[in-house]
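Here is how the chains run, residue by residue.
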Amino acid sequence: MRAFVVDHHGPDGLRPAEVPTPRPGPGDVLVDVRAASINPLDRMVRDGEFKRLLPYRTPFVLGHDLAGVVRAVGSDVRGFRVGDEVYARPRDLRIGAFAEQLAVDAADVALKPTSLSFAEAAAVPLVALAAWQALVEVADVRPGQEVLVHAGAGGLGSTVIQVAKHLGAHVTTTAHTRDLEAVRALGADEAVDHTTTNVADLPTRYDVVLDSLGADSLHTSLTLLRPGGLAISVVGPPDPAFATQLGHPLLRPVMALLSRRVRRRARRLGVRYSFFFMRADGARLAQLAALYEDGTLRPVLDRTFDFDQTLEAVAHVEHGRARGKVVVTR
Ligand SMILES: NC(=O)c1ccc[n+]([C@@H]2O[C@H](COP(=O)([O-])OP(=O)(O)OC[C@H]3O[C@@H](n4cnc5c(N)ncnc54)[C@H](OP(=O)(O)O)[C@@H]3O)[C@@H](O)[C@H]2O)c1
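What you see is a predicted model, and the numbers here were worked out from it, not measured in a lab.

Some points on the environment of Gly-247
Point 1. Of note, Gly-247 is situated in the loop between helix 7 (240-245) and helix 8 (252-258).
Point 2. Expressed as a C-alpha distance, the spacing of Gly-247 and Arg-261, which sit 14 residues apart in the sequence, is 24 Å.

Next up, the structure:
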């Protein structure tokens, strides 16, 4: 089958290739991939940025998000049948959505929201799981709380705004001038133009800040929290709890060292810091599907490319100007 394979780590490491068709294990669902979406994580994994934490061995097929049709089910699988339309964020070390087919652990799969096309559904899993897990499971966002979402026009931010509104929060987001209307249409109560406003001048009133921009922004974010507030970074530095999540508790001291500065600064300010890295979760995706079906949440698509143009699609996301999600379809 055709696939896009990382044959060495680095910016030119992804290439089209013919690879063997995957065989589903007893707990797997074999999916005919109709659409896959691109995530910044694809570039990072391609470049080997997480090599020690996520030890992919080249060559491997890239791609973290898919929607498609079940072609076969493993002998232990209950709940899925051949022909079902599904979507998934396959778990780490079993990725490979940039391919005609992928065998996915059935625990990572859910029925696709019926109201969404394959392209729309492929845009959902990673960012929707990330938004839900960060805001509900980590931050426990409550109605009326103040939530600041950085980069609200991006793939992740556009979903976090919607989930935060669904939870009843008052949402502020940062975006480029040209995207202010779009983020308001997603539900943001306040849209801050990051080209004209110094974010550090925002009021110190947030219960939760979700930061996807990196170190400088994170340090500013800490100063915008009210006492006891929580800054969640999805880009690092990793904290000791992440070592536990990965099943590598021996790495806790390393993670503690990496995040020592930000955790110390948070302590001094009387606020909290948490690194967040999303997990595959088919059961949660099934619940989220209901929110897409009833229109509470909607996918935001920037551009759709043909499967053959996967390299161009990855480059488009790498450029960092995506307004919503970028999808490849077959
Ligand atoms: N840890 C996790 O579980 C997890 C999950 C999902 C994503 N992430 C990470 O989160 C980051 C964002 O992911 P994504 O999928 O949203 O990427 P994306 O779609 O490529 O995000 C790009 C968006 O960021 C905006 N942006 C860039 N600089 C900005 C600034 N200073 N202020 C406000 N907006 C700014 C861009 O708008 P402009 O045109 O204004 O630049 C663009 O709309 C990536 O690093 C990704 O790896 C982590």
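As for the sheet that holds strand 11 (residues 190-193)
Point 1. With parallel pairing, the 6 strands of this open sheet are ordered in space as 11-10-9-12-13-14. Two strands lie at the open edges of the sheet, namely strand 11 and strand 14 (272-275), each paired on one side alone. Pairwise comparison of adjacent strand axes, ignoring direction, gives a mean angle of 15° for this sheet.
Point 2. Across 4 bridges, strand 10 (residues 170-175) lies against strand 11 in parallel orientation.

Brief notes about the domain arrangement of the protein
Point 1. Looking at the protein, the domain boundaries give domain 1 (2-124 + 300-329) and domain 2 (127-275).
Point 2. A C-alpha centroid distance of 26 Å is found between domain 1 and domain 2.
Point 3. Each partner contributes residues to the interface: domain 1 has 11 residues there, and domain 2 has 16 residues.
Point 4. Carbon and sulfur atoms supply 61% of the area buried between domain 1 and domain 2, which totals about 940 Å² over both sides.
Point 5. It is Leu-53, Val-300 and Arg-323 that lose the most area in domain 1 upon contact with domain 2, and together they represent 51% of the buried surface on that side.

Observations concerning the packing of helix 6 (residues 215-223) against helix 9 (residues 260-269)
Point 1. Packing of helix 6 against helix 9 brings their axes to within 10 Å, and their N-to-C directions diverge by 15°. As summarised for this structure, helix 6 and helix 9 are arranged roughly parallel, according to the angle between their axes. Crossing of helix 6 against helix 9: the hand is right-handed. Where helix 6 approaches helix 9, its residues Leu-218, His-219, Leu-222 and Thr-223 are matched on the opposing element by Arg-261, Val-262, Arg-265, Ala-266 and Leu-269.
Point 2. Here the residues of the contact of helix 6 with helix 9 are counted per class, giving 5 nonpolar, 2 polar and 2 charged.

Each value, and the rule that gives it
- All residue numbers refer to position in the chain's written sequence, counted from 1.
- Totals for whole chains, interfaces and linings use all residues, but because this is a predicted model, local features are given only for residues with pLDDT of at least 70 and pairs of side-chain atoms are given and counted only at 80 or more.
- Only hydrogens and water are set aside; all other atoms, that is, all heavy atoms of the structure, feed into the side-chain values.
- Numbered from the N terminus, helices here are DSSP runs of H or I no shorter than four residues, and strands are runs of E no shorter than two.
- Here a strand pair is declared whenever DSSP counts at least two bridges between the two strands.
- Throughout, an axis means a line fitted to C-alpha atoms (over the contacting stretch in the case of helices), and angles, computed between N-to-C directions, take values from 0 to 180 degrees.
- As annotated, the domain borders come from an automatic or database domain assignment.
- Throughout, a contact is declared for two residues whenever any of their heavy atoms are within 4.5 Å.
- Here's the idea: put two parts together, see how much 1.4 Å probe accessible area each one loses, and the total over both is what we call buried area.
- In this scheme, roughly parallel covers angles under 35 degrees and roughly antiparallel covers those over 145, while 65 to 115 is roughly perpendicular and the rest are oblique.
- In a left-handed crossing the near helix is turned counterclockwise from the far helix by less than a right angle, and in a right-handed crossing that turn is clockwise.
- In this count, Pro and Cys sit with the nonpolar residues alongside Ala, Val, Leu, Ile, Met, Phe, Trp and Tyr, while Asp, Glu, Lys and Arg are called charged and the others, Gly among them, polar.

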